[in-house]
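Commentary on secondary and tertiary structure
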Amino acid sequence: DGTRMPIELQTSEGRSLEITARCLYTKDREPVGRLLVLRDRTEERKSEHLLRQAQKLETVGSLAAGVAHEVNNPLAFVRANLRQIERLGGLVAKRAERIAESERDADDLAEFPQLIAEFCRAVREAAGGALRLAEMEFNRAGVRTSVELYPAVIRSHARLTYEQVAAVLVGDPVDVPYRERILMTAEWAAVQHKRRLERGSLELELPEAKVLLDEDDPLRVRNIVKSIPNPQTKQAYNVVEEAMLAANEAVGEYLAAAGQPVPWRVHEAPDPEKIEAFFRFAAFLGIPVPKEMGPRWFSEVFESISAHPAKGAISYMLLRSLKQAQYRVDNVGHFALASPTYLHFTSPIRRYPDLMVHRALKEVWKKRGLPTGEASLRACPQKEKTGELSTKCSQNERRCIDVERKVTDIYRAWYMRPRIGDVFEGHIHSITRFGLFVGIDDPFVEGLIRLDWLSEEFFEYDEGLGIVRGTQSKRMLLPGDPVRVILAKADVIQGQLSFEVEGSVFSMIPHRHQPRTTEQPPVRGKTDARGGHGAKPAGHGARPGGHKKPERPDPKSRPKKSRR
């Protein structure tokens, strides 16, 4: 009664405090005093700010994806705006180079759509030729018989969406032009895909989280689901993907023969120590694995585990042995694509390394007396500078991937926060010396169970196999094992979820016992019923409010995206 509207204050230390004034009355409604209620809203405000930043990043990404299609008639546009395009060419080149060489914060991403829009115009640079084209011929076996690279202006006779192409590929009677050409291109792409797999190219399909937001209230997360592409639309994407891979390889061979410094897209062979660890783990589970590391070794292993109950966890461990693809001036080939000369050529409007490759092409043409499509050329950087830019682009790409993961993790924690105390069934994705990472399919989230929160007995971590074993029962926990958990904490600021086990950690796991097969010293974690190394999280027990904050997951423990 008598409540005044709350007032929110910002302290000099950056804390948000909410003050509400209330009047106190006797039973006879006589005022006897006032009560000031003080609430600390700092963490709540930080969470809301992070969520707004996440939505901002998604909005920017959507704008950047759509802005490249704003010019309907490139040739007419170039003729009508030739002077402005020539002026923008130098401006965009300088700004793109500055972005590639500098550290960018999340707020600076707002500049990207404008940059991309300007570059879409500037890339169609003039009457002589706006684009660099790779024209290739293949025989029926899928072998490239010729390739010609030259500057050109492309006049599009049709603009098709992936959904339209997918409808043609499945035989729907839709009104789509050039049906015969689409079907012929899809047939060619299928042959190319088969040839790539035969030479040892990997098909890496990692499940990704898709955040579903409320259309009316963007601060409300409706669900976190596993992103499953439409099979028909995916087939249409693969047609374009095969064409881009073929062009990238053809240009790579051309520039390698010319000896021109370029940012190669390299992917080194797997770490031998991690491959050896996988051999031990597979032998421990009784999975036959080919010992000879041939070009198709990874593909054969994936096929051999396709029916195993722990297929997901085994694949996860195998993928961890792969290194991160990166840009480098010294070419060592692309392991995942089984390609000796691979670079990025097809997206100069959104990737700086592609722009550098286009400049390198024009540099080679100029040296050989061939038309470049431009009256004057910007000088290409020498090998040392190309190496520096390649390294910087790789670093910025890594930062973008980290931001993308962080945004998803924040959404996950925000969505799960009201569900603290709920019970879920999941599977162990990976095991570290400090805990178990458990994944849940619905909603599609992942969280940590600390080893010192397991109250049944001491647990040893076997570093050689990546498993944990109870010292008394000798029972083991392996990647892929099912487990029933309770959500104990959702940290929106860190984007982390913490679980505790409901009942026994072995309640959903069949009994098994194996002697230790490695000689690495075990790492012990224990709690007893009273808490062991620390207070047990409360909830169904205690929540981890005063408990030691869970360690952040090692980024290296996550499988790496190849991002070709």
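Residues numbered from 1 in each chain as written. Predicted model: local features only at pLDDT ≥ 70, side-chain atom pairs only at ≥ 80, totals over all residues. Heavy atoms only, no water.

1. Considerations on the overall build of the chain
The line we're drawing: A run of H or I in DSSP becomes a helix once it reaches four residues, and a run of E becomes a strand once it reaches two; helices and strands are each numbered from the N terminus. Only heavy atoms matter for contacts: two residues are in contact if any of them lie within 4.5 Å across the pair. The protein chains shown are the only cover counted for residues, whose accessible areas, like all others here, come from Shrake-Rupley with a 1.4 Å probe.
Of the regular secondary structure elements, the chain holds 12 helices and 20 strands. Taking the intrachain contacts of the chain between residues at least 6 apart in sequence as the baseline, contacts between residues at least 24 apart amount to 65%. As displayed, the chain has an accessible area near 30,100 Å², and 52% of this comes from carbon and sulfur atoms.

2. Overview of empty space enclosed by the protein
Rules: Every definition here rests on a 1 Å grid over the protein atoms only: cavities are sets of points where a 1.4 Å probe fits but cannot get out, pockets are open sets enclosed by protein on both sides within 12 Å along at least five of seven lines, and lining residues have some atom within 4 Å of a point. Grid points are joined across faces, edges and corners, and a volume is the space filled by probe spheres set on the points. Gly falls in the polar group here, along with every residue not listed as nonpolar (Ala, Val, Leu, Ile, Met, Phe, Trp, Tyr, Cys, Pro) or charged (Asp, Glu, Lys, Arg).
Counted by the stated rule, this structure contains 1 cavity of 30 Å³ or more. Volume-wise, the largest cavity comes out at about 40 Å³. Lining the largest cavity, in full, are Pro261, Val262, Pro263, Met356, Ala360, Cys380, Pro381 and Thr386. For the lining of the largest cavity, the per-class residue count stands at 7 nonpolar, 1 polar and no charged.

3. Here's the deal with the nonpolar core
Soluble globular proteins: nonpolar side chains tend toward being buried together. To keep it simple, the criterion reads: As used here, the term nonpolar core means buried Ala, Val, Leu, Ile, Met, Phe, Trp, Tyr and Cys residues forming a set that is joined through side-chain atoms within 4.5 Å. Exposure classes here rest on a 1.4 Å probe applied to the protein chains alone. A residue is buried below 20% of its type maximum, exposed above 50%, and partly exposed in between.
One finds Leu436, Ile449, Leu454, Val468, Leu477, Val485 and Val505 to be the most contacted residues of the largest nonpolar core, which totals 36 residues. Contributions of two or more residues to this core are made by strand 7 (221-226), helix 12 (383-416), strand 10 (423-431), strand 11 (435-440), strand 12 (445-450), strand 13 (459-462), strand 16 (482-491) and strand 17 (496-501). The element best represented in this core is helix 12, accounting for 7 residues. Phe279, Ala282, Leu319 and Leu322 belong to the second-largest nonpolar core, a separate cluster that totals 23 residues.

4. What about the packing of aromatic side chains?
Each aromatic ring pair is characterised by the separation of its centres together with the angle its planes make. How we decide: Two aromatic rings, drawn from Phe, Tyr or Trp (for Trp, its six-membered ring), form a pair once their centres lie within 6.5 Å of each other, and the interplanar angle then sorts them: stacked below 30 degrees, edge-to-face above 60, tilted otherwise.
Throughout the structure, instances matching the rule amount to 8 aromatic pairs. An angle of 85 degrees between the planes, with centres 6.3 Å apart, marks the rings of phenylalanine 278 and tryptophan 297 as edge-to-face. With phenylalanine 278 in helix 8 (residues 272-285) and tryptophan 297 in helix 9 (residues 297-304), this pair connects stretches of sequence that are 19 residues apart. When sorted by exposure, phenylalanine 278 lands in the same class as tryptophan 297, which is buried. Judged by centre distance (5.6 Å) and plane angle (75 degrees), the ring pair of phenylalanine 298 and phenylalanine 335 falls under edge-to-face. Residue phenylalanine 298 is located in helix 9, and its partner phenylalanine 335 is located in the loop between strand 9 (326-328) and helix 11 (352-367); the two are separated by 37 residues in the primary sequence. Residue phenylalanine 298 is classed as buried on the basis of its relative accessible area, which comes to 2%. Among the aromatic residues, those joined into a cluster by ring pairs are Phe278, Phe279, Trp297, Phe298 and Phe335.

5. A few points about the pairing of strand 10
Convention followed: Following DSSP output, two strands are said to pair if at least two bridges run between them.
In this structure, strand 10 lies alongside strand 16, joined through 5 bridges in antiparallel fashion. The residue bridging glycine 426 from the neighbouring strand is valine 483, located in strand 16. Sheet topology places strand 10 next to strand 11; 4 bridges connect them, and they run antiparallel. Note that in strand 11 the partner of isoleucine 428 across the bridge is valine 438.

6. Quick look at helix 9
Regarding helix 9, the residues found buried are Trp297, Phe298, Ser299 and Val301. As for helix 9, its buried residues are in contact with helix 8 and helix 10 (311-319).

7. Focus on the packing of helix 8 against helix 9
As a reminder of what qualifies: Lines fitted to C-alpha atoms define the axes, with helix axes restricted to the stretch in contact, and inter-axis angles between N-to-C directions lie between 0 and 180 degrees. Oblique is the label for any angle not covered by the other classes, which are roughly parallel (under 35 degrees), roughly antiparallel (over 145) and roughly perpendicular (65 to 115). Handedness of a crossing follows from how the near helix is turned relative to the far one, being left-handed for an anticlockwise turn of less than a right angle and right-handed for a clockwise one.
At a minimum axis separation of 14 Å, helix 8 and helix 9 run at an interaxial angle of 25 degrees. Considering the angle they form, helix 8 stands roughly parallel to helix 9. The crossing of helix 8 and helix 9 is left-handed. When helix 8 is examined against helix 9, the residues Ile275, Phe278 and Phe279 are found in contact with a partner set consisting of Trp297, Phe298 and Val301. Split into classes, the residues belonging to the contact of helix 8 with helix 9 amount to 6 nonpolar, no polar and no charged.

8. Describing the confidence of the model for the chain
If pLDDT is low for a region, its predicted coordinates should not be looked at in detail. The cut-off we apply is this: Scored between 0 and 100, pLDDT is the confidence that the predictor attaches to each residue.
Overall, the prediction assigns the chain a mean pLDDT of 76, with 69% of residues at 70 or greater. pLDDT under 50 marks residues 99-110. Its contacts with residues more than four places away, or in other chains, come to 27 contacts. Ignoring residues within four places in sequence, the model shows residues 515-562, a span with pLDDT below 50, making 117 contacts including any to other chains.

9. Regarding the environment of histidine 344
Rules: Within 3.5 Å is the distance limit for a polar contact, defined as a pair of N or O atoms, with the added protein rule that one can donate a hydrogen and the other accept it, and that residues adjacent in sequence qualify only through two side-chain atoms.
In this structure, histidine 344 sits in the loop between strand 9 and helix 11. For histidine 344, a relative accessible area of 3% puts it in the buried group. With 12 residues separating them in the primary sequence, histidine 344 and methionine 356 have C-alpha atoms 9.4 Å apart. Of the polar contacts made by the side chain of histidine 344, one reaches the side chain of tyrosine 327; its length is 2.8 Å.

10. Some points on the pairing of strand 14 (residues 467-470)
Of the two faces of strand 14, the one carrying Ile467 and Arg469 and the one carrying Val468 and Gly470 are both buried. With 4 bridges connecting them, strand 13 and strand 14 associate as antiparallel partners. If you follow aspartate 462 over to strand 14, its bridge partner there is isoleucine 467. Where strand 14 meets strand 15 (residues 476-477), 2 bridges bridge the pair, whose relative direction is antiparallel. Among the inter-strand pairings, valine 468 is bridged to a residue of strand 15, identified as leucine 477. The hairpin formed by strand 14 and strand 15 contains 5 residues between the paired strands, and lysine 474 there has a positive phi angle of roughly 65 degrees.

11. Structural notes on helix 10
Structurally, the α-helix is built with 3.6 residues per turn, so residues lying three or four positions apart point the same way. When you tally the buried positions in helix 10, you get 7 out of 9 residues, the bulk of the element. In this structure, the buried side of helix 10 is in contact with helix 8, helix 9 and strand 10.

12. With respect to the environment of glutamate 276
Of note, glutamate 276 is situated in helix 8. Along the chain, glutamate 276 and serine 321 lie 45 residues apart, while their C-alpha atoms are 9.5 Å from each other.

13. Section: unusual backbone geometry
Backbone geometry follows two general trends: most residues other than glycine have a negative phi, and most peptide bonds adopt the trans configuration. Residue proline 443 is reached from aspartate 442 by a cis peptide bond, and omega for that bond is 0 degrees. We note that tyrosine 178 has phi near 60 degrees; this positive angle belongs to a residue other than glycine. Residue placement: tyrosine 178 occurs in the loop between helix 5 (162-169) and helix 6 (179-199). For tyrosine 178, a relative accessible area of 40% translates into the label partly exposed. Phi angles above zero are rare outside glycine, and lysine 474 is one such case at about 65 degrees. Along the chain, lysine 474 falls in the loop between strand 14 and strand 15.

14. Concerning the side chain of serine 201
Note that serine 201 resides in the loop between helix 6 and strand 6 (209-213). The class of serine 201 is buried, set by a relative accessible area of 0%. Not counting residues within four places of it along the chain, the set of residues in contact with serine 201 comprises Arg196, Ser299, Ala336, Leu337 and Ala338.

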